[in-house]
Amino acid sequence: MADWSKLPYDLVVSIANQLFDVVDFLSFSAVCRCWRLVYLKKHWISSHHIPWLMLREFTEGDVSVRQFLSLTRFKIYKFPLPEANGCRCWGTSHGWVVTLSQSFAIRLVNPLTRACLDLPHHSMLRSQGHIEVDWFAAIQNAFVLKVRDEFVTMVIYSHNRCLSFAKYGDGTWTVVPFSIPVYLINIVCFKDKILALTMVGTLILVEIEGPDCPRARCIASPPADERGWENMYLVESSENLLLVLRYNHHCTHQFKVYKFDIFKRKWMAAVDLENNVLLVDDYGCTSVSACGSIKPNCIYSAQDNLGFSLVPQLDQKIIVRNIKDNSTDVHGIFHGPNASTSYDCPVWTTLALW
C-alpha cells in the first residue's frame, strides 16, 4: 500500500490547490496527518475554498438543522446545529457564523464542528444611552475580520447604525466614535485596514489600534452619478478593493462594480472580474476564484423567493449575473418538506473543518 505521507510537501500543496469544495477538503484532510497539516496551515490558495449558502432552519424531531447548498455540486447538505437554534445568523469568510439568540446572546459558531465562542452580550452595546430591544433589528450586520492574524468581530447595530468591535476574550464591546452621524451598511478588512461603507457610499477608514484609537475618518466619496441603489458592498478581490452596487429592476437584481484607485482615492468603473466570482447576499459579498461550473466574471446573488411563498418547497433562488455581457441565469433552490416557513435570509459562509 502506498504511503501518502511520504509525498513531497509541495506536491501535496499542489493537490490541495486543485480542490474547491469543503467535501473535497474533508477527504483530503482524512488521508493522513501530514495532509491534514497542509490544510491547517493553509499554504494552499484560500480563494479556492468556495463558500456554501446557509439556508433556512428546520427541525428533525427536537434537533435544529441547517441546510447548506454546495455551489460546486449544487447539492444541499444537512447539519444538526442546535447552537444556532432560533438565532439570526450572519456568514463570514473565516469559518465562523455570527449568531444572535432571542435572549440577545452573541456567539461565533462553526457550523461543521459546532465549536462556539462567546462574545460580549448585546446588553454591553450602547447607542447614545439607548439600548435596542427589537430582536430582529438589534444587530443590522455582523462581520468577523482577520486583522494582522487576529480575529475581530464588528457589529453594526441599532437603528442609528452604530459600530462596535470585540476581540475574543473581551468582556465588553468597544464603541467606534464618529465626529458626525453616519449610517453604516458594510465593513471589510483590506490589506490589514478596516474600511466601512456608509449608506450614501462614503468610504471610511476605521482604526482600532494605537493610543488615540478607536477612531474613524472619511477617505473617499462615492462614485459620481450613481443613484438609487438597493444595497452596496465592499469586497477584496485579487488584492483589489471593489465596490458592488446592487439595483432592483423589475424584481431582478442588477449590479455595477467599481475598483478603488488607492493613489487617487477614487472609484473607477470595472467591467472585468478577471477569473473571479462574487457571491452576494443581503448582508455581504465574498470574492473567490472561478472553478468548474462556477463561471468567471459573474455575480451569484442569493435571494429569498418571498413572492413565491405559495409554491411548495421553493424558498430561495440564485441569480447569476455576468457583468461583461449582462446575461442572467436563475437557479431555484428546492427544500425538503420539513423546511421552515419562518423568514431567514440565506447567507454565504466559508466552512472550516477545524
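Since the structure is predicted, the reported quantities are computational estimates derived from the model, not experimental observations.

### Observations concerning a nonpolar patch on the surface
Okay, step 1: On the surface, Tyr-183, Met-199 and Val-200 cluster together to form a nonpolar patch covering roughly 290 Å² of accessible area.
Okay, step 2: Positionally, Tyr-183 belongs in the loop between strand S11 (174-175) and strand S12 (184-190).

### Section: the confidence of the model for the protein chain
Okay, step 1: Mean pLDDT over the protein chain works out to 84, with 88% of the residues at or above the 70 mark.
Okay, step 2: Note on residues 305-314: pLDDT is under 50 here. Beyond four places in sequence and across chains, it has 15 contacts.

### Things to note about helix H3 (residues 33-41)
Okay, step 1: Listed in full, the buried residues belonging to H3 are Trp-35, Val-38 and Tyr-39. The buried side chains of H3 occupy one side of the element, clustering within an arc of 95 degrees when seen end-on.
Okay, step 2: In this structure, the buried side of H3 is in contact with helix H1 (9-16) and helix H2 (22-29).

### Observations concerning the environment of Phe-151
Okay, step 1: One can find Phe-151 in strand S9 (residues 150-157).
Okay, step 2: For Phe-151, a relative accessible area of 37% gives the class partly exposed.
Okay, step 3: Considering only alpha carbons, one finds Phe-151 and His-94, 57 residues apart in sequence, at a separation of 9.0 Å.
Okay, step 4: Excluding residues that lie within four positions of it along the chain, Phe-151 makes contacts with His-94, Val-144, Leu-145, Lys-146, Lys-167 and Tyr-168.

### Points about the sheet that holds strand S14 (residues 203-207)
Okay, step 1: Read from one edge of the open sheet, 4 strands run S12-S13-S14-S15, paired in antiparallel fashion. Looking at the sheet topology across the chains shown, the edges are occupied by S12 and strand S15 (215-220). For this sheet, the mean inter-axis angle between neighbouring strands, taken without regard to orientation, is 30 degrees.
Okay, step 2: Looking at chain direction, S12 and strand S13 (residues 193-198) are connected through 6 bridges and run antiparallel. For Cys-189, the partnering residue across the bridge sits in S13 and is Ile-194.

What counts and what doesn't
Starting afresh in each chain, residues are numbered from 1 along the sequence in its written order. Under the rules for a predicted model, residues below a pLDDT of 70 receive no local features and side-chain atom pairs below 80 are neither given nor counted, while totals for whole chains, interfaces and linings still include all residues. Side-chain descriptors were evaluated using all non-hydrogen atoms of the structure, hydrogens and water having been removed beforehand. Every patch collects residues that have over 30% relative accessible area and no salt bridge, joining them within 9 Å if they carry like charges and within 5 Å if they are nonpolar side chains (Val, Leu, Ile, Met, Phe, Trp, Tyr). For the accessible areas, the method is Shrake-Rupley and the probe is 1.4 Å, while residue cover comes only from the protein chains on display. Take a side-chain nitrogen of Lys or Arg and a carboxyl oxygen of Asp or Glu: if they are within 4 Å of each other, that pair is a salt bridge. Each helix corresponds to a stretch of at least 4 residues labelled H or I by DSSP, and each strand to a stretch of at least 2 residues labelled E; elements are numbered beginning at the N terminus. Think of pLDDT as the predictor's per-residue confidence, scored from 0 to 100. By the convention used here, residues are in contact when the closest approach between their heavy atoms is within 4.5 Å. Here the term buried applies to any residue with accessible area under 20% of the maximum for its type, exposed to any over 50%, and partly exposed to those in between, with areas from a 1.4 Å probe on protein chains only. Directions pointing from the helix axis toward each C-beta atom define the arc. For two strands to be treated as a pair, DSSP must find no fewer than two bridges joining them. Helix axes are fitted to C-alpha atoms over the stretch in contact, other axes to C-alpha atoms as well, and angles between N-to-C directions run from 0 to 180 degrees.

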